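Residue strings, one per chain:
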Amino acid sequence: SLPPQCVLTGRWVNDLGSNMTVMAVNEKGEFLGSYHTAVTATSNEIKVSPLHGSQHRTNKNSQATFGFTVNLSFSDSVTVFTGQCFVDEDGKEVLKTMWLLRSNVDSIKDDWKATMVGVNVFTRLRTKK
Ligand code: BTN
């Protein structure tokens, strides 16, 4: 039987309640999208941020690895995610990711506290008609 297919394109929600939209993945595996985080480490008002990503071997791998960068529009930080698109036992697509968030610090002396790390699990967002 054919292996289950996991497709990145579409709308996703993660375990924090953050939403992202991934546009079409091109022939090189590149994609663009938008990221609406549910949380922030800053006191700034949350706004939607652009994302730029790259997916590995679009045709040959039905559960592809990928990475994307979120350039935060409302803070001076950047987050990079890497992960893999899986089809779980219930046939549902799930993105298992890890991220590194780099904050802007004023001095090289503060470099040690400038990076956060975490995991996020994304499932496909389905809004009722
Ligand atoms: C900031 O606090 O400087 C910007 C907001 C960053 C949101 C992070 S990105 C990694 C983690 N996953 C999310 O969905 N939101 C947080």
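In case you missed it, the structure is sitting above this.
Residues numbered from 1 in each chain as written. Predicted model: local features only at pLDDT ≥ 70, side-chain atom pairs only at ≥ 80, totals over all residues. Heavy atoms only, no water.

Quick word on the layout of surface pockets
Definition in use: Two kinds of site are reported from a 1 Å grid over the protein atoms alone, namely cavities, where a 1.4 Å probe fits but cannot get out, and pockets, open sets with protein on both sides within 12 Å along at least five of seven lines, and residues are called lining when an atom falls within 4 Å of a point. Grid points are joined across faces, edges and corners, and a volume is the space filled by probe spheres set on the points. Runs of H or I in DSSP of at least four residues are treated as helices and runs of E of at least two as strands, each being numbered from the N terminus. In this count, Pro and Cys sit with the nonpolar residues alongside Ala, Val, Leu, Ile, Met, Phe, Trp and Tyr, while Asp, Glu, Lys and Arg are called charged and the others, Gly among them, polar.
The volume enclosed by the largest pocket comes to roughly 390 Å³. Lining the largest pocket are 22 residues, with T37, V39, T40, T79 and L101 positioned closest to its centre. If you list the elements that add at least two residues to the lining of the largest pocket, you get β6 (78-87), β7 (93-102) and β8 (115-124). When the residues that make up the lining of the largest pocket are grouped by side-chain class, the tally is 11 nonpolar, 10 polar and one charged.

With respect to the packing of aromatic side chains
Note the threshold: Pairing of aromatic rings covers Phe, Tyr and the six-membered ring of Trp, with a centre-to-centre limit of 6.5 Å; geometry is then stacked below 30 degrees between planes, edge-to-face above 60, and tilted otherwise. The cut-offs for exposure are 20% and 50% of the maximum accessible area for each residue type, with area from a 1.4 Å probe on protein chains only; residues under the lower value are buried, those over the upper are exposed, and the others partly exposed.
In the structure shown here, the tally under the stated rule is six aromatic pairs. Aromatic side chains F66 and F68 sit 6.2 Å apart centroid to centroid with 10 degrees between the ring planes, which places their arrangement in the stacked category. Overall, the relative accessible area of 5% leaves F66 in the buried class. With centroids separated by 4.7 Å and ring planes inclined at 20 degrees, the aromatic side chains of F68 and F81 adopt a geometry described as stacked. On the criterion of sequence distance, the pair formed by F68 in strand β5 (residues 65-71) and F81 in strand β6 is long-range, its members being 13 residues apart. A relative accessible area of 7% means that F81 is categorised as buried. Through pairs of rings, three or more aromatic residues link up here, namely Y35, F66, F68, F81 and F122.

Points about the site of the ligand
To be explicit about the condition: Note on terminology: near, applied to a residue and a molecule or strand, indicates that one of the residue's heavy atoms is within 4 Å of it. In protein, a polar contact means a hydrogen-donor-capable atom and an acceptor-capable atom, both N or O and within 3.5 Å, with residues adjacent in sequence counting only if both atoms are side-chain atoms; elsewhere, any N or O pair within 3.5 Å suffices. Using a 1.4 Å probe, the Shrake-Rupley method yields the accessible areas, and only the shown protein chains count as cover for residues. To decide whether a molecule occupies a pocket or cavity, check its atoms: if more than half lie within 2 Å of the grid points, it is inside.
Residues in contact with the ligand amount to 18 residues; listed here are only the nearest, S18, Y35, A41, S77 and N120. Within the side chain of S18, a nitrogen or oxygen atom sits 2.6 Å from an oxygen atom of the ligand. The protein chains hide 95% of the 410 Å² of surface that the ligand would expose on its own. Structurally, the ligand is housed in the largest pocket. Of all the secondary structure elements, the ones that give two or more residues to the shell around the ligand are β6 and β7.

So, the pattern of salt bridges
Definition in use: A pair is scored as a salt bridge if a Lys or Arg side-chain nitrogen falls within 4 Å of a carboxyl oxygen belonging to Asp or Glu.
Under the criterion given, the structure shown has three salt bridges. Salt-bridge contacts for R124 lead to E93; the nearest nitrogen and oxygen are separated by 2.6 Å. With R124 in strand β8 and E93 in strand β7, this pair connects stretches of sequence that are 31 residues apart. By relative accessible area, E93 is classed as buried at 17%. As a salt-bridge pair, D111 and R102 come within 2.9 Å of each other at their nearest N and O atoms.

Section: the side chain of T97
Our working definition: Contact criterion: two residues are considered in contact whenever any of their non-hydrogen atoms come within 4.5 Å of each other.
Here T97 is to be found in strand β7. Here the side chain of T97 touches N120 through a polar contact of 2.7 Å, landing on its backbone oxygen. Excluding its chain neighbours within four sequence positions, the residues that come into contact with T97 are F66, F81, T82, G83, G118, V119, N120 and F122.

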